[in-house]
Amino acid sequence: MRVTNVKTQDIRFPTSKDNLGSDAVHVDCDYSATYVTIETEDVNLKGIGLTFTIGKGNDLCCKSIEYFKEFILEKEIEEIEKELGIIWEKVTNHSQLRWVGPQKGVTHLAAAAFLNGIWDLISKYHKKPLWRYVIDLETYELLDKLSFSYIDDVITKKEAAEIIDQKKQNLPSNKDELNSTIFPAYTTAAGWLGYSDDKMKDLIKVNLKKGWTHFKMKVGQDIERDIHRCKLVRELIGKENKLMVDSNQVWSVNQTIDSISRLKEFDIMFYEEPTSPDDIIGFRKIKDAHPDVKLATGEMIQNKVIFKQFIENKSLDYCQIDSCRIASINEILPVLLIASKFNTPVIPHAGGIGLCEYVQHLNLINKFIITNNDLFLSEYAESCSEHFDNPAIIKDGGYLTPTNPGYSVKIKDSSLREFDYNEGTYWN
Ligand SMILES: [Mg+2]
């Protein structure tokens, strides 16, 4: 079965109208997807991939993908599957394109969309949900598809194989038993910074009724307002439920240390992205100033090399892997393996467009064949789920296991027709 075409679409949803996704620095998000369709000789078999952006710049990701098409066009799916590790290198280490990276920024987001599409295609070809395809692979076959470049000082392929083989011993002989897993989640949906107190309070009440026990809210525009909002939320959710805050990189290291001193009284489970996502040493200084608090970061960590340093340096307490910022399964699994080696809990970033659909697979892969840590938690925000053919499903505050073949991010044809930024009816 040959790949016959790779199509890219710039899809944008006008979510800024409702302040959806608003935080201390991203005040007008139009949730967007760089949307890739890999067509094959079989009209019913298409690989769908995306990366998530928040509006302008989505076009740059689409443009970058044009340069990757040659690596899979006219190739057989079996050949692509066998050479996935090599294709990853060609895409992320392109002899000319790497100058505008390397392995970071626009071209890396584009690589994520493209490679996510390939993983979707291959798992659909095998008629399995992505998570199941990955855990069914022989360990050596899986490792062959992953990239261990620049990380052998922290984890080798041999160590990775040992971690996976050890975990696989605990899998049930009938793997269909895994289909009934519910993976615990927390909600971000109530605490966007642009929401009024009343809207936030109403949403917290609704979400408490739905069974949520972990809540995250945005902070960082004004510390007095942050304190006011934390007080409101803590009163509503009580002492027994968990509260996390996210300031989306707005503070300096010293401002973070001061802000944490002010917010500590609200018993915060973790402080997310307090400062620059590149500041490995700065995060450590914050932790040294407040040894009793926990820091979380990862949604804007640009590649596995930075993750390696954050984890080894104990600059983060919770590893918030992102499914669309680093270059797909090939790069995400090595980070999960490093986290496993250092017993660091992984709480993936989600929300946006398609991130919930993606992390439901990553959570299961991590749980079943990688981590030995006993904390299982994943972000959920119901944003834009109405546009997906098979959105992630939440029950009792957790993700239900996806059982349809593929990597789950097919956007409805009607939504594509409406919200294509170049040709869609909404934007024209
Ligand atoms: Mg965040």
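Residues numbered from 1 in each chain as written. Predicted model: local features only at pLDDT ≥ 70, side-chain atom pairs only at ≥ 80, totals over all residues.

S.K.: So what's going on with the overall build of the protein? Residues and values would help.
M.R.: Per the secondary structure count, the protein includes 15 helices and twelve strands. Here the C-alpha atoms of the protein give a radius of gyration of 21 Å, agreeing with the 22 Å that 2.2 N^0.38 yields for 428 residues. Over its C-alpha atoms, taken along the principal directions, the protein stretches across nearly 60 × 55 × 45 Å. For the protein, the proportion of its 428 residues judged to be buried stands at 50%. Sequence separation of at least 24 residues holds for 75% of the intrachain contacts in the protein that already meet a minimum separation of 6. (Helix = DSSP H or I, 4+ residues; strand = E, 2+ residues; numbered from the N terminus. Rg over C-alpha atoms; globule rule 2.2 N^0.38 Å. Buried ≥ 20, exposed ≤ 12 C-beta atoms within 10 Å, placed from the backbone. Contact = placed C-beta atoms within 7 Å.)

S.K.: Outline the nonpolar core, supporting the account with residue identities and numerical values.
M.R.: Core analysis: the largest hydrophobic core is formed by 125 residues, its most contacted members being Ala-113, Phe-114 and Ile-118. Composition of this core by domain shows at least three residues from each of domain 1 (3-127) and domain 2 (175-414). With sequence-adjacent residues up to four places away left out, Phe-114 is seen in contact with Val-36, Gly-49, Ile-65, Phe-68 and Val-91. (Core = buried A, V, L, I, M, F, W, Y, C linked by C-beta atoms within 7 Å. Domains from an automatic or database assignment.)

S.K.: Explain the sheet that holds strand S1 (residues 3-12) residue by residue, including any values.
M.R.: Reading across from one edge, S1-S2-S3 is the order of the three strands in this open sheet, with antiparallel pairing throughout. Each of the sheet's edge strands pairs with one partner strand only, and the pair in question is S1 and strand S3 (46-53). Adjacent strand axes in the sheet meet at a mean angle of 15°, parallel and antiparallel pairs treated alike. Lying over the sheet, helix H4 (residues 105-125) contacts strand S2 (32-40) and S3, oriented at roughly 150° with respect to S3. (Pairing = 2+ DSSP bridges. Axes fitted to C-alpha atoms, helices over the stretch in contact; angles between N-to-C directions.)

S.K.: Explain the environment of Ile-163 residue by residue, including any values.
M.R.: Position of Ile-163 among the secondary structure elements: in helix H7 (residues 157-168). On a C-alpha basis, the gap between Ile-163 and Ile-370 in space is 6.4 Å, while along the polypeptide they are 207 residues apart. Here Ile-163 is in contact with Leu-337, Ser-340, Lys-341 and Ile-370, once residues within four sequence places are set aside.

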